Every structure is written in structure tokens, then in C-alpha cells.
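Topology and contacts: notes
Read off the chains here:
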Amino acid sequence: MTEKNSADLFLDITSQVCPLTFVKTKLMVERMAAGQTLEVRLNAGEPLENVPRSLRELGHSILSVHPERTDDPNGVHRLVVQKN
């Protein structure tokens, strides 16, 4: 599930800072139906560490996490989560 636009919904939180990165993601996931997927565009660093971990703690499945550009692992990443 790494193709672009393969998720049911999309959220760009690259302009947000913690803790808003997780808050916005959590609010979007709460509006989703079980089984739906969300692709989140987020920055490396705190958002990349905290958002996937917090989603897992809530019982959701992280399907993939990868940098947008393979030559820039400290840049923007794409996270795909499935609501359980």
C-alpha cells in the first residue's frame, strides 16, 4: 500500500507542530469507518516519531511509512494508517 492516492482519505500536517500533528490526525481517524485508510503527509522528527506510535497505541494499524524522496530521509514522509 505504498502507491500515492491509494488510501481512502488524505491529510497533510506538514505545516503543523506537535501536539497538533497528532490531534489533527486523531480527529480525522475518529471520523473514518473501521477498515478505511488514511494517508498522512508529515515531517520527519517529532511528528514522524509520535504520530505512528500514538495511532498504534489507539489500536490502529500502520500499513506503511516512507519518505517522499528517497534521497531525503529527514524530509517529508507519507504514513498510511488503517482504522481498526
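Residues numbered from 1 in each chain as written. Predicted model: local features only at pLDDT ≥ 70, side-chain atom pairs only at ≥ 80, totals over all residues. Heavy atoms only, no water.

**Topic: the environment of Asp 12**
Formally: Helical segments are the DSSP runs of H or I of at least four residues, strand segments are the runs of E of at least two, and each set is numbered from the N terminus. Relative accessibility thresholds used throughout: buried, under 20% of the residue-type maximum; exposed, over 50%; partly exposed, between the two (1.4 Å probe, protein chains only). Pairing of N or O atoms within 3.5 Å defines a polar contact, subject to two protein rules: one partner must be a possible hydrogen donor and the other a possible acceptor, and residues neighboring in sequence count only if both atoms are side-chain atoms.
Among the secondary structure elements, Asp 12 is positioned in strand β1 (residues 9–12). With a relative accessible area of 36%, Asp 12 lands in the partly exposed category. Through-space distance from the C-alpha of Asp 12 to that of Lys 24 is 9.5 Å; in sequence the pair is 12 residues apart. Looking at Asp 12, its side chain comes within polar contact range of the side chain of Thr 14, at 2.6 Å.

**Examining the pattern of salt bridges**
Defined as follows: Definition used for salt bridges: Asp or Glu carboxyl oxygen within 4 Å of a side-chain nitrogen of Lys or Arg.
According to the stated counting rule, one finds 7 salt bridges in the structure shown. Close ionic contact of Arg 41 with Asp 12 constitutes a salt bridge, the shortest N to O distance being 3.0 Å. One end of the pair, Arg 41, is in strand β2 (residues 37–43); the other, Asp 12, is in strand β1, with 29 residues separating them in the sequence. Note that Arg 78 and Glu 39 form a salt bridge whose closest N and O atoms lie 3.0 Å from each other.

**Some remarks on the pairing of β2**
Quick note on the threshold: Pairing between two strands is assigned when DSSP locates at least 2 bridges connecting them.
For β2, a buried count of 6 out of 7 residues is recorded, marking the element as mostly surrounded by other parts of the structure. With 4 bridges joining them, β1 and β2 adopt parallel strand pairing. The partner of Phe 10 across the bridge, within β2, is Glu 39.

**Some points on the nonpolar core**
A general trend in soluble globular proteins is that nonpolar side chains are found buried together. To keep things clear, this is the line we draw: Put simply, a nonpolar core is a bunch of buried Ala, Val, Leu, Ile, Met, Phe, Trp, Tyr and Cys residues held in one set by side-chain atoms that sit within 4.5 Å of each other. In what follows, a contact means two residues having at least one pair of non-hydrogen atoms within 4.5 Å.
Leu 38, Val 51, Leu 55 and Leu 79 are the most contacted members of the largest nonpolar core, which totals 14 residues. If we skip the residues at most four places from it in the chain, Leu 79 touches Leu 38, Glu 39, Val 40, Leu 42, Val 51, Pro 52, Leu 55, Ile 62, Ser 64 and Val 65.

**Describing unusual backbone geometry**
A negative phi angle is the norm for most residues apart from glycine, just as the trans form is the norm for most peptide bonds. Here the amide bond leading from Cys 18 into Pro 19 is cis, since omega sits at 5°, within 30 degrees of zero. With respect to the helices and strands, Pro 19 occurs in the loop between β1 and α1 (20–30).

**Examining the sheet that holds β1**
Note the cut-off: All axes are obtained by fitting lines to C-alpha atoms, using only the stretch in contact for helices, and the reported angles, taken between N-to-C directions, cover 0 to 180 degrees.
Spatially, the 4 strands line up as an open sheet ordered β1-β2-β4-β3, and their pairing is mixed. Taken across any chain shown, the strands that pair with only one partner, and hence form the sheet edges, are β1 and β3 (61–67). Each neighbouring strand pair of the sheet contributes to a mean axis angle of 20°, computed without reference to strand direction. Sheet strands touched by α1: β1, β2 and β4 (76–82). Its angle to β1, the strand with the most contacts, is close to 165°.

**Let's talk about the side chain of Thr 25**
Within the fold, Thr 25 resides in helix α1. Setting aside residues no more than four positions away along its own chain, Thr 25 makes contact with Leu 11, Ile 13, Leu 38, Val 40, Val 51 and Leu 55.

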